[in-house]
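Below are the chains, spelled out letter by letter.
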Amino acid sequence: MIICSCKGVTKKEILSAIKNGAQSITDIQIKTKASTGCGRCKNVIISMLEKEQTKIFNKNSQLRIKFD
Ligand code: FES
């Protein structure tokens with residue numbers, strides 16, 4: 001599924017960038033070139049970033065509770 005039509009960047013590529021350490025829209029722009037054209041996709045990418053960061057935070061919190 002294409003998220004950024006200007007640069008042809010897919011949802012999978014954006015999720016991969018986040019899983020590989022992208023922590024901001026700027027990081028995603030550098031890693032994938034998404035949102036470096038018209039900017040129409042920026043809010044969708046920010047929402048994806050926030051959602052994935054919440055998942056990562058929750059996963060890490062569960063791990064901390066389990067092993068502390
Ligand atoms: S749709 Fe992503 S920059 Fe235009």
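Values in this document were obtained by computation on a predicted structure and should not be read as measured data.

1. Let's talk about the nonpolar core
The nonpolar side chains of a soluble globular protein tend to be buried with one another. Within the largest apolar cluster, 15 residues are counted, with the highest numbers of intra-cluster contacts made by Ile3, Ile14, Ile28, Ala34 and Ile45. Of all the elements, helix α1 (residues 11-19) adds the most residues to this core, at four residues. Setting aside residues up to four positions removed in sequence, Ile45 forms contacts with Ile3, Ile14, Ile25, Ile28, Ala34 and Ser35.

2. Focus on unusual backbone geometry
Negative phi characterises most residues that are not glycine, and trans characterises most peptide bonds. Backbone geometry at Lys33 places phi at a positive 75 degrees, although glycine is not the residue there. Looking at the secondary structure, you find Lys33 in the loop between α2 (25-32) and α3 (42-67). In the Ramachandran plot, Ser35 falls in the positive-phi region, its phi being about 65 degrees despite a non-glycine side chain. Tracing the backbone through its elements, the reader meets Ser35 in the loop between α2 and α3.

3. Some words on the pattern of salt bridges
Tallying each qualifying case throughout the model produces one salt bridge. Linking Lys55 and Glu52 is a salt bridge whose minimum nitrogen-to-oxygen distance equals 3.3 Å. Of this pair, Lys55 and Glu52 both sit in helix α3, three residues apart, which is roughly one turn of the helix.

What counts and how
Residues numbered from 1 in each chain as written. Predicted model: local features only at pLDDT ≥ 70, side-chain atom pairs only at ≥ 80, totals over all residues. Heavy atoms only, no water. Core = buried A, V, L, I, M, F, W, Y, C linked by side-chain atoms within 4.5 Å. Buried < 20%, exposed > 50% of the residue type's maximum accessible area, 1.4 Å probe, protein only. Helix = DSSP H or I, 4+ residues; strand = E, 2+ residues; numbered from the N terminus. Contact = heavy atoms within 4.5 Å. Salt bridge = Lys/Arg side-chain N within 4 Å of Asp/Glu carboxyl O.

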